[in-house]
Amino acid sequence: SLYKSLDLLKSIDLDHSNDPETVSSAGAVEKKLYECGEGDQHLENSILYFQRSYYLLNNRYNGINLALTLVYHATSNLVQSDQDRIADLVLAQRTWKRVLYLCDRDWKLILEKEKNDQTLINEGSKEGKDLQEYYQVQKYWILVNIAEAYFGLGEFENYRKTEEESKSIPFHAWQLESYTDQIAKLARELKKVGHLLEPKWTAPN
């Protein structure tokens, strides 16, 4: 299914496309293929696609995934020296810091939009309920993106605080599964190379 998805994306001129959704989808597919053990080339491709979509959109989703793929790169067979591993980790840290900025920006925007739509939400109409769910979904993703960025940066007190805050927002089971799965992957990889950072990244208790 992943290869079929990739073929469909390539059929719409993926290599030259600057459509953010197309490129972002390709990054996600290539990332999953690498995670499934299909080869290092998929990791290289995933990084390139996430970089392209991140710089095009300047958004949280592509930033958080780009950071993870950079950590994957640091622990992969593609890297032969600690110097290169450190370079990957520094780029990942810079990306997480940018994600924190983007989350703060998006949180303010969401609160402002929600405030403007509050009358419609309070009416209890289908449109109002849809809007309420939309804002809840956005708030949840923002909070778990913040938590993941703090986790990657080794700021575990802020990570725990933000993760706990995310639990106060209504969410779907698949959202929690997606977040916890990504944190587990990040933790597994950072345990391998976190000692190269200054200060060292040490897994929380």
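Read on for a plain summary of the structure. Worth saying up front: this structure is predicted, and the values here are computed from it rather than measured.

Criteria and thresholds
- Residues numbered from 1 in each chain as written.
- Predicted model: local features only at pLDDT ≥ 70, side-chain atom pairs only at ≥ 80, totals over all residues.
- Heavy atoms only, no water.
- Helix = DSSP H or I, 4+ residues; strand = E, 2+ residues; numbered from the N terminus.
- Rg over C-alpha atoms; globule rule 2.2 N^0.38 Å.
- Buried < 20%, exposed > 50% of the residue type's maximum accessible area, 1.4 Å probe, protein only.
- Contact = heavy atoms within 4.5 Å.
- Areas by Shrake-Rupley, 256 points an atom, 1.4 Å probe, with all protein chains shown as cover.
- Lys, Arg positive; Asp, Glu negative; His and termini not counted.
- Charge placed at Lys NZ, Arg CZ, Asp CG, Glu CD.
- Salt bridge = Lys/Arg side-chain N within 4 Å of Asp/Glu carboxyl O.
- 1 Å grid on protein atoms, 1.4 Å probe; cavity = no way out; pocket = protein on both sides within 12 Å on 5 of 7 lines; lining within 4 Å.
- Points joined across faces, edges and corners; volume = space filled by probe spheres on them.
- Nonpolar A, V, L, I, M, F, W, Y, C, P; charged D, E, K, R; others polar.
- Axes fitted to C-alpha atoms, helices over the stretch in contact; angles between N-to-C directions.
- Parallel < 35°, antiparallel > 145°, perpendicular 65-115°, else oblique.
- Phe/Tyr/Trp six-rings, centres within 6.5 Å; stacked < 30°, edge-to-face > 60°.

The next subject is the overall build of the protein. Helix and strand counts for the protein stand at nine helices and zero strands. Seen in sequence order, the protein has helices and strands lined up from the N terminus as α-α-α-α-α-α-α-α-α. On C-alpha atoms alone, the protein measures out to a radius of gyration of 18 Å, which is about the 17 Å that the 2.2 N^0.38 rule sets for 205 residues. Taken along the three principal axes of its C-alpha coordinates, the protein extends 60 × 45 × 25 Å. Within the protein, buried positions represent 45% of all 205 residues. Of the contacts made within the protein by residues no fewer than 6 positions apart, 66% connect residues no fewer than 24 positions apart. Carbon together with sulfur atoms contributes 49% to the accessible area of the protein, which is approximately 11,400 Å² in total. For the protein, the distance from the average position of its 25 positive side-chain charges to the average position of its 32 negative side-chain charges is 3 Å.

The next subject is unusual backbone geometry. Going from Glu 198 to Pro 199, the amide bond is cis rather than trans, its omega being 0°. Of note in the backbone geometry, Asp 13 takes a positive phi value of approximately 60° without being a glycine. Note that Asp 13 resides in the loop between α1 (2-10) and α2 (20-35). Taking relative accessible area as the criterion, Asp 13 reaches 43% and is therefore assigned partly exposed. Of note in the backbone geometry, Asn 58 takes a positive phi value of approximately 55° without being a glycine. Classification of Asn 58 as partly exposed rests on a relative accessible area of 26%.

A side chain with one charge may pair with a side chain of the opposite charge, provided their charged atoms come close. Inspection of the entire model under this criterion finds twelve salt bridges. Note that Lys 108 and Asp 104 form a salt bridge whose closest N and O atoms lie 3.3 Å from each other. Here Lys 108 and its partner Asp 104 are both found in helix α5 (residues 82-116), four residues apart, which amounts to about one turn of the helix. A relative accessible area of 54% means that Lys 108 is categorised as exposed. Here the salt bridges share partners, and the residues they tie into one network are Lys 31, Glu 35, Asp 181 and Lys 185.

With respect to the helices and strands, the residue Asp 88 is situated in helix α5. Buried within the structure, Asp 88 lacks any salt-bridge partner; Arg 85 is the closest side chain of opposite charge, at an N-O distance of 7.5 Å.

The calculated volume of the largest pocket comes to roughly 580 Å³. Along the walls of the largest pocket sit 22 residues, with Tyr 61, Ile 64, Asn 65, Trp 141 and Ser 178 positioned nearest its centre. Contributing elements (two or more residues each) for the lining of the largest pocket: α2, α4 (60-74), α5, α7 (126-153) and α9 (173-193). Looking at side-chain class alone, the lining of the largest pocket contains seven nonpolar, six polar and nine charged residues.

Now for the packing of α7 against α9. It is at 11 Å that the axes of α7 and α9 come closest, and there the two elements cross at 10°. What the angle tells us is that α7 and α9 run roughly parallel. Contacts from Val 137, Tyr 140, Trp 141, Val 144, Ala 147, Glu 148, Phe 151 and Gly 152 of α7 reach α9 at Trp 174, Gln 175, Leu 176, Ser 178, Tyr 179, Gln 182, Ile 183, Leu 186, Ala 187 and Leu 190. By residue class, the composition of the contact of α7 with α9 is 13 nonpolar, four polar and one charged.

Taken as a whole and assessed by the stated rule, the structure comprises eleven aromatic pairs. Centroid distance Tyr 34 to Tyr 72: 5.5 Å. Interplanar angle 50°. Geometry classified as tilted. Of this pair, Tyr 34 sits in helix α2 while Tyr 72 sits in helix α4, and the two are 38 residues apart along the sequence. Summarising the burial analysis for this pair, Tyr 34 and Tyr 72 share the class buried. Put simply, the rings of Tyr 140, Trp 141, Phe 171 and Trp 174 pair up and form one aromatic cluster.

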